[in-house]
Amino acid sequence: MSEMKEEAVAKNFIENEIDSDLEKGIYDKIVTRFPPEPNGYLHIGHAKSIALNQGLASEYGGTFNLRFDDTNPQKEKEEFVQSIEEDVEWICGEKPPIYFASDYFGQMYECAVRLIKKGKAYVCDLSAEQIREYRGTLTEPGKDSPYRDRSIEENLRLFEEMKNGGCEDGARVLRAKIDMASPNINMRDPVLYRVAHLHHHNTGDDWCIYPMYDFAHPIEDAVEGVSHSICTLEFEDHRPLYDWVVRECEFEKPPRQIEFAKMYLTNVVTGKRYIKKLVEDGIVDGWDDPRLVTLAALRRRGYTASSIRRFMSLCGVSKSNSSVDYAMLEYCIREDLKMTQPRMMAVLHPIRLIIDNYEEGKIEYLEVPNNQENPELGVRQVPFARELYIEREDFMIEPPRKYFRLYPGNEVRLMSAYFVTCVGYETDADGNVTEVHCTYDPETKSGSGFTGRKVKGTIHWVAAPTAATAEVRLYENIVDEEKGVYNEDGSVNVNPDSLTVLDTCYMEPALAEAKPGDKFQFMRTGFFCVDTKDTTDGHQVFNRIVSLKSSYRPNLNEK
């Protein structure tokens, strides 16, 4: 009994509805879909719908489709189609069946003709502004269009004229004939078709009339055999119209619409027009700039599909809109990478360290574990030499209390190598440290079993003679969080420090062989990914995915 209760609690409300429909025999098979309009790049919010719809289809042994709602050629581009296909395949781990709403334009037209013949649709000559005026308000009913009582024959003739190019844009529309006094404004004779002489990315110039979303979408679902049309809460008021369309068009097994809450992420930019402005103004280098939260940007930055899916699982599915802290997403990528990726040594802000008593010209290879927490990742050989690079912050002339790294007279361990003691340093004319001098104790080699004394500090290093060089990009939020996401004029409050470029960083030589997309943890620094856009032969570019630590801890009891 307790096990059954736990299982019931674990189900979200959509799964409960699907279970009920299956028990009643309403559907034989579960079919879901993700239906983006190809008018921009997908962002992190879309990943919730992708993961939810694919997950439901997988859970019930059904089918998940990607369908482009390409009914508005004015805003759609082939570039966006391709990017969406890549994003969905990335999140899903496989390429789903792909459909286009435009493939059904013929069937949609036939549905419209059927509605006219049933007396359920009419051609209206009111302008868009007049239609809005006639629609009424939330507290006042609308009034009938003067064209509402046209005969079926006249409506058929006029609609065919619209299809054949006999009308100018905006001159006429086809409207559903429902109820101008309905308390739901969406049911007050909504527009089904408009005239638009536009070239379409898929159908070319075959059509000069295009269906409205609220008419096209339910037909697309019905034609594809979608059982459950999972959409966000803003479509809840549109559900009566969705049901009206599939019922009046006489589909045998109409799909069922179920709404869930969108996911809002704190302090990020997701609006397409805002991202487009950032791209056009050159503030970011494209829709895939790693400071954005488009899926293309997150992938380029180094986020994994599994971390995105884990994030969506932690967010859960609900009927109430809520905001999620961006730190939760960062937590998920850290958890995904910390045990699976090699931990390498890279020095981002270098100063030179010279071991005065180490043999000049000697290159020694030390065995270093690839991931101290995951022995299954094995070990590698890392070169060690008299001259090394260390992080500038790992040496101070006059350190504060509890500073356990290098300073004059102090001894530390060089990670996976030897104990060294600082015996001196050199500065330039401005007093900046340029070199640190040390001596080493050969008896303290890592792995030798030395137990003579202990040190409190361990620092990483890179051997200067064999070091690879690379550009490293440190990303922060594109938004200035202290000022909020948007200015009063609607522009984005851009963080001036959202990108720091380090031109010359030193790394152990194995990183020179890393391929675009490869991910690593840089010791004591963060997780990094080889950039897939700007890396070229002989010029490695690494993006910081996320820093190593955060105070954020999720509530793992949430679903």
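Okay, so let's go over this structure.

What counts and how
- For every chain, the first residue of its written sequence is number 1, and the numbers climb from 1 along that sequence.
- Reporting in this predicted model follows two pLDDT cut-offs: at least 70 for local features of residues, and 80 or more for side-chain atom pairs to be given and counted; totals over whole chains, interfaces and linings ignore these cut-offs and use all residues.
- Hydrogens and water are ignored here; the side-chain numbers use all heavy atoms of the structure.
- Counting from the N terminus, the helices are the DSSP runs of H or I reaching at least four residues and the strands are the DSSP runs of E reaching at least two.
- Between the two quantities, the radius of gyration covers C-alpha atoms and the globule rule is 2.2 Å times the number of residues to the power 0.38.
- Buried, partly exposed and exposed residues are distinguished by accessible area as a fraction of the type maximum, computed with a 1.4 Å probe on protein chains only: under 20%, between the cut-offs, and over 50%, respectively.
- Only four residue types enter the charge count: Lys and Arg as positive, Asp and Glu as negative, with His and the chain ends excluded.
- Just so you know, the charge point we use is NZ for Lys, CZ for Arg, CG for Asp and CD for Glu.
- One requirement defines pairing of two strands: DSSP has to find at least two bridges between them.
- Each axis is a line fitted through C-alpha atoms, taken for helices only over the stretch in contact, and angles between the N-to-C directions span 0 to 180 degrees.
- Note on definitions: a residue-residue contact is assigned when non-hydrogen atoms from the two residues lie within 4.5 Å.
- A 3.5 Å cut-off defines polar contacts: any pair of N or O atoms within that distance qualifies, except that in protein one atom must be a possible hydrogen donor and the other a possible acceptor, and neighbouring residues in sequence count only when both atoms are side-chain atoms.
- Between rings of Phe, Tyr and Trp, where Trp is taken as its six-membered ring, a pair exists when centres lie within 6.5 Å; planes separated by under 30 degrees are stacked, by over 60 edge-to-face, and by other angles tilted.
- Both a distance and an angle decide whether a charge sits over a ring: NZ of Lys or CZ of Arg must be within 6 Å of the ring centre and within 35 degrees of the ring normal.
- Throughout this description, any angle smaller than 35 degrees is read as roughly parallel, any larger than 145 degrees as roughly antiparallel, any in the 65 to 115 degree range as roughly perpendicular, and the remainder as oblique.
- When residues are sorted by character, Ala, Val, Leu, Ile, Met, Phe, Trp, Tyr, Cys and Pro go into the nonpolar class, Asp, Glu, Lys and Arg into the charged class, and all the rest, Gly among them, into the polar class.
- Take the number of residues in a helix, subtract one, and multiply by 1.5 Å to get its expected span.
- Cavities and pockets are found on a 1 Å grid laid over the protein atoms alone: a cavity is a set of points where a 1.4 Å probe fits but cannot escape, a pocket is an open set with protein on both sides within 12 Å along at least five of seven lines, and a lining residue has an atom within 4 Å of such a point.
- Grid points are joined across faces, edges and corners, and a volume is the space filled by probe spheres set on the points.

Turning to the overall build of the protein chain, a few remarks are in order. Of the regular secondary structure elements, the protein chain holds 13 helices and 27 strands. Its C-alpha radius of gyration of 31 Å places the protein chain more than 25% over the 24 Å reference for a compact globule of 559 residues. Judged by the C-alpha coordinates and their principal axes, the protein chain covers about 100 × 65 × 40 Å. Within the protein chain, buried positions represent 51% of all 559 residues. Positive and negative charge centroids in the protein chain, built from 68 and 95 side chains respectively, lie 3 Å apart.

With that out of the way, let us pick up the sheet that holds strand 2 (residues 63–68). Strand order across the open sheet formed by three strands is 1-2-3, with parallel pairing between neighbours. What marks the edges here is a single partner per strand, and that holds for strand 1 (31–34) and strand 3 (98–100). Strand-to-strand, the axes of this sheet are offset by a mean angle of 35°, without reference to chain direction. Pairing of strand 2 with strand 3 involves three bridges; the strand directions are parallel. Within strand 3, the position partnered with arginine 67 by the bridge is tyrosine 99. Across the sheet, helix 4 (residues 78–92) is in contact with strand 1, strand 2 and strand 3; its angle to strand 2 comes to roughly 160°. Sheet strands touched by helix 8 (residues 213–224): strand 1, strand 2 and strand 3. Its angle to strand 2, the strand with the most contacts, is close to 140°.

Read across the open sheet, the seven strands follow the order 21-18-19-20-14-17-22; overall the sheet is mixed. Looking at which strands have only one partner, the edges of the open sheet turn out to be strand 21 (458–459) and strand 22 (462–463). Two strands pair when backbone bridges link them, and strand 14 (residues 350–355) and strand 20 (residues 433–441) are joined in this way by four bridges, in the parallel orientation. Following the sheet pairing, isoleucine 355 is matched in strand 20 by cysteine 438.

Looking now at the side chain of threonine 535. Checked against the element boundaries, threonine 535 lands in the loop between strand 26 (526–530) and strand 27 (541–547). With a relative accessible area of 15%, threonine 535 lands in the buried category. Within the structure, threonine 535 has its side chain in polar contact with the backbone oxygen of aspartate 531 (distance 2.8 Å). Sequence-distant contacts of threonine 535, defined by excluding residues within four places in its chain, comprise Pro516, Val530, Gln540 and Val541.

What follows covers the packing of aromatic side chains. For any pair of aromatic rings, the description rests on two quantities: the centre-to-centre distance and the angle between the ring planes. Under the defined criterion, the tally for this structure stands at 24 aromatic pairs. Ring geometry for tyrosine 109 against tryptophan 207: centres 6.0 Å apart, planes inclined by 55°, an arrangement best described as tilted. Residue tyrosine 109 is found in helix 5 (residues 105–117), and its partner tryptophan 207 is found in the loop between strand 6 (191–195) and strand 7 (209–211); the two are separated by 98 residues along the sequence. There is no split in this pair, since tyrosine 109 and tryptophan 207 are both buried. Taken together, the ring pairs connect Phe105, Tyr109, Phe159, Tyr193, Trp207, Tyr210 and Phe215 into an aromatic cluster. Above the plane of the ring of tyrosine 134 lies lysine 143, whose end atom (NZ or CZ) is 4.6 Å from the centre.

A few words now on the packing of helix 4 against helix 12 (residues 305–315). Relative orientation of the contacting elements helix 4 and helix 12 amounts to 75°, with a least axis distance of 8 Å. Classified by the interaxial angle, the pair formed by helix 4 and helix 12 is roughly perpendicular. Between helix 4, through Trp90, Ile91 and Cys92, and helix 12, the contact on the second element is made entirely by Ala305, Ile308 and Arg309. Per-class residue counts for the contact of helix 4 with helix 12 are five nonpolar, no polar and one charged.

Attention shifts here to helix 4. Taking 1.5 Å per residue, 15 residues should reach 21 Å; helix 4 reaches 21 Å between its end C-alpha atoms and fits that length. Among the structural elements, strand 1, helix 3 (44–59), strand 2, strand 3, helix 11 (295–301) and helix 12 are those in contact with the buried residues of helix 4. One or two positions beyond helix 4, positive phi appears at glycine 93, with a value near 85°.

Going through the model one piece at a time under the given rule, you end up with one cavity of 30 Å³ or more. Counted as a void, the largest cavity has a volume near 90 Å³. Lining the largest cavity we find Arg33, Tyr213, Asp214, His217, Pro218, Cys231, Phe235, His238, Leu241, Tyr242 and Gln257. Elements represented by at least two residues in the lining of the largest cavity include exactly helix 8 and helix 9 (239–248). At four residues, helix 8 tops the list of elements feeding residues into the lining of the largest cavity. Counted by class, the lining of the largest cavity contains six nonpolar, three polar and two charged residues.

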